[in-house]
Amino acid sequence: MSRELRIFIDSFFPILITGLKVTIPLTLIVFILGTLLAVIVAIIRIRKIKVLSQISWFYVWIIRGTPLIVQLFIVFFGLPKMGIIIPAIPAAIITFTLSVGAYSSEIVRSAILAVPTGQWEAAEALGFSYIQMMIKVILPQATKIAVPPLFNSFISLVKDTSLASTITVTEMFLATQRITARTYEPFILYIEVGLIYLIFCSVLTWLQSKVEDKLSFNKGKSIKKKEKSYVEVN
Amino acid sequence: MLKLINITKSFGDNIVLKDLSLEIESDKTTVIIGSSGSGKSTLLRCINMLSEPDAGIFSYKDMTLNFSDKLDRRLEYKFKKLTGMVFQGFNLFPHKTVIENIVLAPITVNSIDKKIAYEEAEILLKQVGLFEKKDQYPHELSGGQQQRIAIARALAMKPDIMLFDEPTSALDPEIELEILKLISKVTKGNFTNIIVTHNMNFAKEISDKVIFLEKGQVLAEGTYEQLNTSDNVRIKQFLNTIG
Ligand SMILES: Nc1ncnc2c1ncn2[C@@H]1O[C@H](COP(=O)(O)OP(=O)(O)OP(=O)(O)O)[C@@H](O)[C@H]1O
Ligand SMILES: [Mg+2]
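These numbers come from a predicted model, not from an experiment.

K.L.:
Explain the pairing of strand β9 (residues 209–214) of chain B here, please?
P.N.:
The side chains of a regular strand alternate, residue by residue, between the two faces of the sheet. All names here are of chain B. Of all the six residues making up β9, six are buried; the element is thus mostly covered by neighbouring parts of the structure. Here β9 shows two buried faces, one formed by K209, I211 and L213 and the other by V210, F212 and E214. Two strands pair when backbone bridges link them, and strand β3 (residues 29–33) and β9 are joined in this way by four bridges, in the parallel orientation. Looking at β9, one finds that I32 is bridged to I211. Pairing of β9 with strand β10 (residues 217–222), which is carried by five bridges, proceeds in the antiparallel orientation. When the sheet's bridge partners are listed, F212 is paired in β10 with A220. From the end of β9 to the start of β10, which pair antiparallel, there are two residues, and K215 there has a positive phi angle of about 50°.

K.L.:
Please clarify how a nonpolar patch on the surface should be interpreted in this entry.
P.N.:
Taken together, the side chains of L28, I29, I32, L33 and L36 of chain A present a nonpolar region at the surface, about 440 Å² in accessible area. On the accessibility criterion, I29 of chain A (40% relative accessible area) is partly exposed.

K.L.:
Explain the interface of chain B and chain A to me, please; I cannot follow it from the model alone.
P.N.:
As a measure of interface size, the accessible area lost when the parts come together is often cited. Counting residues at the interface gives 27 residues for chain B, matched by 24 residues for chain A. Buried surface at the junction of chain B and chain A, summed over both partners, amounts to about 2,100 Å²; 59% is from carbon and sulfur atoms. On the chain B side of the contact with chain A, F93, H95 and Y137 of chain B bury the most area, a combined 25% of that side's loss. Joining chain B to chain A, the criterion identifies two salt bridges. For the salt bridge of E121 of chain A with R45 of chain B, the shortest nitrogen-to-oxygen distance reads 2.7 Å. For the pair chain B and chain A, the number of links is seven residue pairs in polar contact (both at pLDDT 80 or more). Of all the elements in the fold, those that place two or more residues in the side of chain B that touches chain A are α2 (73–80), β6 (83–86), α3 (98–108) and α5 (143–155) of chain B. The element contributing the most residues to the side of chain B that touches chain A is α3 of chain B, with three residues. Residue classes in the side of chain B that touches chain A are distributed as 14 nonpolar, seven polar and six charged.

K.L.:
Explain the packing of aromatic side chains here, please?
P.N.:
For any two aromatic rings, the description comes down to two numbers: the centre-to-centre distance and the angle of the planes. Taken as a whole and judged by the stated rule, the model has 13 aromatic pairs over all chains. Relative to F154 of chain A, the ring of F31 of chain A lies with its centre 3.9 Å away and its plane at 5°, an arrangement referred to as stacked. Here F154 of chain A lies in helix α6 (residues 130–160) and F31 of chain A lies in helix α1 (residues 3–47), a separation of 123 residues in the sequence. By the burial criterion, F31 of chain A is buried, and F154 of chain A matches it. Note on F151 of chain A and F154 of chain A: the rings are 5.7 Å apart at their centroids and 50° apart in plane angle, and the pair reads as tilted. Of this pair, F151 of chain A and F154 of chain A both sit in helix α6, three residues apart, which is roughly one turn of the helix. Since its relative accessible area comes to 8%, F151 of chain A is described here as buried. In this structure an aromatic cluster arises from ring pairing among F58, Y60, F67 and F79 of chain B.

Scoring rules and cut-offs
Residues numbered from 1 in each chain as written. Chains lettered and ligands numbered in written order. Predicted model: local features only at pLDDT ≥ 70, side-chain atom pairs only at ≥ 80, totals over all residues. Heavy atoms only, no water. Buried < 20%, exposed > 50% of the residue type's maximum accessible area, 1.4 Å probe, protein only. Helix = DSSP H or I, 4+ residues; strand = E, 2+ residues; numbered from the N terminus. Pairing = 2+ DSSP bridges. Patch = residues over 30% accessible without salt bridge, like charges linked within 9 Å, V, L, I, M, F, W, Y side chains within 5 Å. Areas by Shrake-Rupley, 256 points an atom, 1.4 Å probe, with all protein chains shown as cover. Salt bridge = Lys/Arg side-chain N within 4 Å of Asp/Glu carboxyl O. Contact = heavy atoms within 4.5 Å. Buried area = accessible area lost by both parts, 1.4 Å probe. Polar contact = N/O pair within 3.5 Å; in protein donor to acceptor, adjacent residues only side chain to side chain. Nonpolar A, V, L, I, M, F, W, Y, C, P; charged D, E, K, R; others polar. Phe/Tyr/Trp six-rings, centres within 6.5 Å; stacked < 30°, edge-to-face > 60°.

Here it is as structure tokens:
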């Protein structure tokens, strides 16, 4: 067996395990927190809540207008100068969450606004409070609209977490760099880590189609349900 | 009796309801007619609190809402809940099955016990003749069927006043009659109906009283026969144009 192939095989599991232990959890936590933040920011901006709405606008403006890596450096290397010391992983979580929150807030906002007026009015006419209407009527429909673009940011996020390597988070990319420094096989190892990112993203793409299927309430969902109960009866 | 007194509503410079006063008798069916843009939908939306009048008074039973004063939100909400609305475009919730559409508001808004809400919904579904569709989704139903469900959904909240804004305008003429009969069947005598329609047959069949709205004001009111035989030029003209 060639040396390259052996290094490839030997490093596959260490890199993959780092991915499963750091990259994936980091991505999931950030995606969940970021999406929650996005929903809150979107609703604040739709309702034009005083002050909060201005703050939200400012926040989205700053985050979208500056490079993610600069934000990471400010939080991890800059804030300690102000006496605020945040360890690498929390710093990465905070920065990525703010980033996802800002970008996704625009996705969520447009998805909410894309729910037809008639739906808002029907819910309002039935006496739903704003929160009840959001949770029971608007957000479920907005989710369906937002899933494809949200998965887009989800998939970007998997890859963007590699930037956390610059603030000493040992995620998949930094783990690969370390093996490279030891073995001097950059070509084979960076291809390898690229492949593992590709696998992760492919799983997400598959997941997206599953989620879209599940949400497609106007494409014969009840027909499927009926078929199932038919099978169960027999 | 629902009394609307000197109701005014404008959108910017456009005064849509002008000092409009009306009396709607309880447990009767009032049909509102009038040309496009005369303010019919706006009037219903005000009664349902989807829009708030700029000025005027609603009085119903022991409740008085004065829109010229600062409104008591709780009283406003209490009044709103006495009304149910059926829209021209049905507006069923597409992500919910037929029966879920009906139970959603009773469970969420009125905190009715789930089991009871479902039982009541099944009774309503039988009344509107669509019990066998209870687990289907709205898009699997025809327009007429969707409107039946929308009627059941509004009735499930047990309102006093049912508001219908052109409930059959999006439907085929033959289905119009069907919906009309259904409305009579499920509401007659037990609900105060206010129905906006362009269909004069509708008014003839179902109304106890007809109100003719013109430029945000009541131009005439009376029974269908009274309006139909009126000498008023404007009313004659209107009735001729809509046939
Ligand atoms: N939300 C709104 N914003 C601004 N103008 C409005 C709004 N709703 C209604 N209007 C205006 O109010 C006027 C009356 O509208 P309304 O919908 O009440 O008429 P209508 O009698 O129901 O007409 P149609 O028979 O066509 O349904 C119209 O000039 C319309 O442009
Ligand atoms: Mg109208």
